[in-house]
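Structural overview for review
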Amino acid sequence: MSCLLIPLVIGYRRVPLPPAKTIPFIEKSFKLLHIVTDSANIIIIFVFDAIRIEKMDVIKTELEGVYVIEPKIFRDGRGYFFESFSQREFDEKIGHVEFVQDNESLSSYGVMRGLHFQRPPYAQSKLVRCVKGTVLDVAVDIREGSPTYGKHIAVELSEENHRQLFIPHGFAHGFAVLSEKALFQYKCDNFYHPEADGGISILDSSLGIDWKVPQEVAILSEKDTRHPLLKDFVTPFRKGTEF
């Protein structure tokens, strides 16, 4: 668990001298520094420990290994602050992933990107977020042997909700832009390898995805129109190889 360091505060408390050997009112959040006694009283000098505050909520989805992350937002009259990523807290709550590359894309309304993945041994886990505008972000399970093979999770990511989605190996990923513009950022745990590019059709109706973008206004790259349907796709992923 991550912690927010609170400045050390020295405190003094004068209380009746306890008859027992223990001092029951000393709580775990204090460190006892020194005790000074006189004939009738005890003065205890203590210091607050660093208070550990969780800075992100991790929400499991119906797809094993895929998580929604909601950061804790600290607001005041100046605006807000939050940690968009903490390796320590990510390791504790999800698992150890070494991200090696950050990517960013800017897209306009109706743009649909996906559904992409990289083939092993260059598979990529992704931690994605939308820092400007709104997108519908989707992960599709393509792990052979998975009870949720072919199923998907769809989450709105926006500059208002600050949500992130973690997608491990074994999933195809894509998004549709729902706002006028969207600035999209994501971390990857492997470098881009064009020779390992893979995908399934983002327009495959058998997936049952409501992209919230009318098909007549959807904007796709030429490459994304050539991906196979799920029924014609041979997956390179197996259940149990997500990390």
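As the structure is a computational prediction, the values presented were derived from the model and not from experiment.

Looking now at the packing of aromatic side chains. Per the stated rule, a full pass over the model turns up nine aromatic pairs. Consider the rings of Phe 85 and Phe 99, whose centres lie 5.7 Å apart with planes at 80°: the pair is edge-to-face. One end of the pair, Phe 85, is in the loop between β7 (79-81) and α1 (87-93); the other, Phe 99, is in the loop between α1 and β8 (101-108), and 14 residues separate them in sequence. On the basis of relative accessibility, which here comes to 17%, the residue Phe 99 falls in the buried class. Centre to centre, the rings of Phe 117 and Phe 233 are 5.7 Å apart; their planes meet at 65°, and the pair counts as edge-to-face. Here the residue Phe 117 occupies a position in strand β9 (residues 112-118), and Phe 233 occupies one in the loop between β17 (197-199) and β18 (237-238), the gap between them amounting to 116 residues. A relative accessible area of 5% means that Phe 117 is categorised as buried. One aromatic cluster in this structure is built from Phe 85, Phe 90, Phe 99 and Phe 166.

Adjacent strands of a sheet form backbone hydrogen bonds with each other and so pair up, either parallel or antiparallel. Spatially, the six strands line up as an open sheet ordered β4-β5-β14-β10-β16-β8, and their pairing is antiparallel. Here the strands that pair on one side only, and so sit at the sheet edges, are β4 (56-60) and β8. Taking the axes of each pair of neighbouring strands and ignoring which way they run, one obtains an average angle of 25° across the sheet. Across five bridges, β4 lies against strand β5 (residues 67-71) in antiparallel orientation. Opposite Lys 60, over in β5, you have Tyr 67 as the bridge partner.

Along the chain, Asp 204 falls in the loop between β17 and β18. Side chain to side chain, Asp 204 and Ser 206 meet in a polar contact 2.7 Å long. The contacts of Asp 204, once residues within four sequence positions are left out, are Leu 229 and Leu 230.

Once that is clear, we can look at the confidence of the model for the protein chain. Taken as a whole, the protein chain shows an average pLDDT of 85; of its residues, 77% reach a score of 70 or greater. Confidence drops under a pLDDT of 50 for residues 17-37, and excluding neighbours within four residues, the segment shows 38 contacts in the predicted structure. Low pLDDT, under 50, characterises residues 44-50; the predicted model gives this stretch 39 contacts beyond four residues in sequence or across chains.

Okay, the environment of Gln 118 next. Mapping Gln 118 onto the fold places it in strand β9. Among the residues examined, Gln 118 registers a relative accessible area of 3% and is labelled buried. C-alpha of Gln 118 to C-alpha of Glu 195: the two residues are 77 residues apart in sequence and 8.7 Å apart in space. For Gln 118, the contacting residues outside a window of four places in its chain are Ala 123, Gln 124, Phe 191, Tyr 192, His 193, Ala 196 and Phe 237. A polar contact is formed between the side chain of Gln 118 and the backbone nitrogen of His 193, at a distance of 2.8 Å.

Calculation notes
- Residues numbered from 1 in each chain as written.
- Predicted model: local features only at pLDDT ≥ 70, side-chain atom pairs only at ≥ 80, totals over all residues.
- Heavy atoms only, no water.
- Phe/Tyr/Trp six-rings, centres within 6.5 Å; stacked < 30°, edge-to-face > 60°.
- Helix = DSSP H or I, 4+ residues; strand = E, 2+ residues; numbered from the N terminus.
- Buried < 20%, exposed > 50% of the residue type's maximum accessible area, 1.4 Å probe, protein only.
- Pairing = 2+ DSSP bridges.
- Axes fitted to C-alpha atoms, helices over the stretch in contact; angles between N-to-C directions.
- Polar contact = N/O pair within 3.5 Å; in protein donor to acceptor, adjacent residues only side chain to side chain.
- Contact = heavy atoms within 4.5 Å.
- pLDDT = per-residue confidence, 0-100.

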